[in-house]
Structures are given as C-alpha cells and as structure tokens.
Amino acid sequence: MGVTIYGPGVHIPETVLTNADLEKLVDTSDEWIFSRTGMRERRISLDKGVREMGTLAVYDLMSRVPFSPEEIDEIILATNVHDGNRTFPAHAALIAGDIGARKGIPAYDQILACTGLVGAIRTGYNNIIAGVVDKLLVLGAERISKFTDYADRHTCVLFGDGAGAYLLQRSEEEGVIKNVLGSEPDMGGKGWPNGYLTTEKREGLQIVSKNNGEFQTEKRKKNYLIMDGGKVLKFAARVMKQSVLDVLEGTGYSLEDVDVVLPHGANIRIVNAAKKGLEKEGLKGVVFHNLERYGNTSTASVPLAAAEAKERGIIKEGSLVVNVAFGAGFTYGANLYRARFSR
Ligand code: UT7
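Note that the coordinates shown come from a computational prediction; the quantities given were computed from them, not determined experimentally. (Residues numbered from 1 in each chain as written. Predicted model: local features only at pLDDT ≥ 70, side-chain atom pairs only at ≥ 80, totals over all residues. Heavy atoms only, no water.)

## Observations regarding the sheet that holds strand E11 (residues 260–263)
Two modes of strand pairing occur in sheets, parallel and antiparallel, and in both the strands are linked by backbone hydrogen bonds. Strand order in the open sheet formed by 5 strands is E8-E14-E13-E11-E12, with mixed pairing between adjacent strands. The sheet terminates laterally at strand E8 (176–183) and strand E12 (286–287), the two strands that pair on one side only. Bridge count between E11 and strand E13 (residues 320–327): 4 bridges; the pairing is parallel. Bridged to Pro 263 within E13 is Val 324. With respect to the sheet, helix H6 (residues 229–248) is in contact with E8, E11, E13 and strand E14 (331–338), its orientation differing from that of E13 by roughly 150°. (Pairing = 2+ DSSP bridges. Helix = DSSP H or I, 4+ residues; strand = E, 2+ residues; numbered from the N terminus. Contact = heavy atoms within 4.5 Å. Axes fitted to C-alpha atoms, helices over the stretch in contact; angles between N-to-C directions.)

## Considerations on helix H3 (residues 50–64)
Helix length check: H3, at 15 residues, gives a terminal C-alpha distance of 21 Å against a target of 21 Å (1.5 Å per residue), a fit within 8%. For H3, every residue scored as buried is listed here: Val 50, Met 53, Gly 54, Thr 55, Ala 57, Val 58, Asp 60 and Leu 61. Buried residues in H3 make contact with strand E1 (2–11), strand E4 (74–78), helix H4 (91–99), strand E6 (135–142) and strand E7 (162–171). (Expected span 1.5 Å × (residues − 1). Buried < 20%, exposed > 50% of the residue type's maximum accessible area, 1.4 Å probe, protein only.)

## Points about the domain arrangement of the protein chain
Many descriptions give the size of an interface as the accessible area lost when the pieces come together. Each assigned domain of the protein chain is listed with its residue range as follows: domain 1 (2–178) and domain 2 (228–338). Contacts between domain 1 and domain 2 engage 46 residues on the former and 42 residues on the latter. Its largest share of buried area at the contact with domain 2, domain 1 owes to Cys 114, Val 118 and Lys 178, together 20% of the area lost on that side. One salt bridge connects Arg 64 with Glu 311, and the closest N-O pair in it is separated by 3.8 Å. The tally of links between domain 1 and domain 2 comes to 24 residue pairs in polar contact (both at pLDDT 80 or more). For the side of domain 1 that touches domain 2, the elements supplying multiple residues, two or more each, are E1, helix H2 (30–37), strand E3 (41–44), helix H5 (116–129), E6, E7 and E8. Residue classes in the side of domain 1 that touches domain 2 are distributed as 21 nonpolar, 14 polar and 11 charged. (Domains from an automatic or database assignment. Buried area = accessible area lost by both parts, 1.4 Å probe. Salt bridge = Lys/Arg side-chain N within 4 Å of Asp/Glu carboxyl O. Polar contact = N/O pair within 3.5 Å; in protein donor to acceptor, adjacent residues only side chain to side chain. Nonpolar A, V, L, I, M, F, W, Y, C, P; charged D, E, K, R; others polar.)

## Structural notes on the packing of H6 against helix H7 (residues 268–280)
Where H6 meets H7, the axes come as close as 9 Å, and the angle between the chain directions of the two elements is 40°. It follows that H6 is oblique to H7 by the angle criterion. Between H6 and H7 lies a crossing of right-handed hand. Contact residues: H6 offers Leu 233, Ala 236, Met 240, Lys 241, Val 244 and Leu 245, while H7 offers Arg 269, Ile 270, Ala 274, Gly 277 and Leu 278. Of the residues contributing to the contact of H6 with H7, the split by class is 8 nonpolar, 1 polar and 2 charged. (Parallel < 35°, antiparallel > 145°, perpendicular 65-115°, else oblique. Left-handed = near helix turned anticlockwise from the far one by under 90°.)

## Topic: the sheet that holds E4
Strand order in this open sheet of 5 strands is E1-E7-E6-E4-E5, and the pairing throughout is mixed. For this open sheet the edge positions go to E1 and strand E5 (107–110), each flanked by a neighbour on one side alone. Pairs of neighbouring strands in the sheet enclose a mean axial angle of 20°, with direction left out of account. Judged from the 8 bridges that link them, E1 and E7 form a sheet pairing that is antiparallel.

## Focus on helix H9 (residues 301–311)
Where burial is concerned, most of H9 is hidden: 10 out of the 11 residues are buried. Along H9, the positions that sit buried rather than exposed are Ser 301, Val 302, Pro 303, Leu 304, Ala 305, Ala 306, Ala 307, Glu 308, Ala 309 and Lys 310. Along its buried surface, H9 packs onto E1, H5, E7, E11, helix H8 (291–294) and E13. Of the residues one or two after H9, Gly 313 is the one with positive phi, at around 75°.

## Quick notes on the site of the ligand
The immediate surroundings of the ligand are formed by 23 residues, with Thr 28, Arg 36, Arg 153, Asn 267 and Asn 296 found nearest. Between the ligand and Arg 36, the relevant distance is 2.8 Å, taken from an oxygen atom to a side-chain nitrogen or oxygen of the residue. Here a nitrogen atom of the ligand and a backbone polar atom of Arg 153 are 2.9 Å apart. Protein chains shield 74% of the accessible area of the ligand, which is 950 Å² for the free molecule. Breaking the shell around the ligand down by element, the ones donating at least two residues are H2, H6 and H7. Broken down by element, the residue count for the shell around the ligand peaks at 4 residues, all from H6. Here the residues of the shell around the ligand sort into 11 nonpolar, 8 polar and 4 charged. (Near = heavy atom within 4 Å. Areas by Shrake-Rupley, 256 points an atom, 1.4 Å probe, with all protein chains shown as cover.)

As structure tokens, this is what we get:
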C-alpha cells in the first residue's frame, strides 16, 4: 500500500511588495536585500486571511486534480498565525466548512513554523498508512505580513504571504516514500530570552493598505516576529543538507536518483549552501525555488515552488522529489516522493 500526493494548488496574493517599496519604510536598499537574501519582491495579502487563502488554494487544487470535497476524510492545515491574531479555533475546521467537506471529519492545525507543510505531509501520510483515513488535504497558508513589523529591517525584508494545498490518497503506486521530522529547542541566549526566532509583543508598524501605489502603515501594539538572523542562518545551513540525506537513508534511493529538491525559500544563501553540500555528495538534479519573487512564505514556500516547477516542466510525472524545510522551534524535516499529476 502507498500514499500518492497530488498537487499542489496555490493561492498567490496579488499585492506585490518590492525592495523599492521597503526602501520607503525602513533604512535598507535593493542592493542589500538582494545580495544578502536573493529576494527582489514578495506578495502580501491586504484583504484575505489565512482561512480564505487556504480555501482558495484548495479550489485551485480541485481545478488541477478533480475531486469532490465530499471525498475528503481529514484536513490538516500548517500555519503560524490565525486570522485576527487568534490562537483558536483551528482554521482547518473553518476551511472544511468553506469548501463543503463532509460534516464530522477531523480538521486541525499544526504548528511547526516554516517546517509545517513538511510535517503535515508526514502526519497525513502516517494517518493513511495506519488505516485511519483514505484521502486527506494538507495545506500550508500564511499571512506573515500580519505579524511582521515593517519598522524592523532585520525581518520585514524577508517575508511574504501565500498558500498551497495537496491531496494525499491511499493507492497502490509509489507516492510518498519517506518523511523525516526533527526539533532542537531554541532556548535563545543573551538578549534573546525567549528564543532566537519567536514573537514579542511590542509597538510595531503594520502595512494596512495600498493607495495610489503607496503602502499605508499604522503603529500597532501586538505580537511581532523577532529573530537573530545569524543564529537561524547557522542552524538552517546545518539541517537543510542533513534532512535531505536523512530522508533518503534506508529507502534504496540515493542523491543521484533525486530529480528535484524543493527547499524552503528562506534565503538564497541557505539554499545555495545546501545545494553545494548536496552536489558534493552526488546530487545531479535541480534545486528549485522562487524566493526572488515571493520571499519567505513559510509553510507556503515549498508548494509555491512546486507549482511553478510543474508549470515549467522541471517536475515531471514520476519525478523523484524532495521537500526540505526548517523553521522556528527549531524544527526541520523533509519528504521524499514521486510526483503524480493525474488520478
Ligand atoms: O524561515 C526561517 C526564517 N528565518 C531565516 O531564514 C533567517 C535566516 N537569516 C538570514 O536570512 C540572514 O541572517 C539575514 C538576511 C536576516 C541577515 O543577513 P546577515 O548577513 O546575517 O546580516 P546581519 O544580520 O549580520 O547584518 C549585517 C549588517 C548589520 O549592520 P551592522 O550592525 O553590522 O552595522 C545590520 O544592521 O546589515 C545590517 N542590516 C541591514 N542593512 C540594510 C540588517 N538588515 C538590513 C537591511 N537593510 N534590511
């Protein structure tokens, strides 16, 4: 028995926030941002929340891989922050209602920060293999712009919004092959009492609208993402490569067999360090990301890259693909699977 993964469907917000726009908000430059992160622009959602973006990603998935919401046995949403800064209810339950899923199915959110989508695929796979359910939806949906302080140049240049959704289904063919997931407690250090990548309640700057081509901001006291970028960079450089090696171990496949690696698009330097390390060990396939245009969309970054890689023919029917991610917590993980296009 196997588990096939179809998709993704995606939702990409229409509002583009460029490096030039950020230059008007904080003391930064296109040159600094591009050379240190590889990013030119990102999308932010001015009107849609996590729930609506997730629902739209499911609709997009339904248009690519026809299925009825009635068929779905479970919904798992990987996300960081709920709409309106709420901690509950689970938005997966609301999305279940929005798409017209059967009443009574389990629908829940999972928080693993940017590793969330990779972790949710693992949970979904395990539930199908255990015989609990036959078909489920896995989503990653993020509106990080809502907890980004646009007065903090250390963080605001990095993040963007978006959503992605996959269908996982019990099958006889080779689909998901192996998943790995891990954590290392981020206890922080001097000046970072609550961790190197966490949130802090303070007065920050929110983008609230865009009029005549200009972003409007307001000061608001709330929880904002805070980060010691250097510490996160070091952690990420270590676990990204290792997670890819770990997910291949014991599967009968080696790096030479991998067609496409889809790394979480956090920073081009992290991606390139992992790529270099993996190529040294035998990777011949493509390492694909689109962080230049979308920034770090957390749980949505792997699906946004996967959708584009499929459209561009980089991922083909039967391609051997690795998703790999890291995030706050700290967390890290990877999925190894054969891409399937049609049911
Ligand atoms: O999904 C997980 C989320 N997090 C990450 O993936 C973050 C991983 N870390 C990173 O991507 C990088 O650490 C950053 C891009 C955040 C920062 O790059 P860096 O090479 O580690 O720069 P830095 O923080 O060491 O800063 C170097 C200098 C500093 O100047 P001083 O203090 O040495 O004079 C910063 O103040 O660059 C300054 N700086 C900026 N300058 C212009 C920091 N941010 C900016 C900015 N524009 N946006």
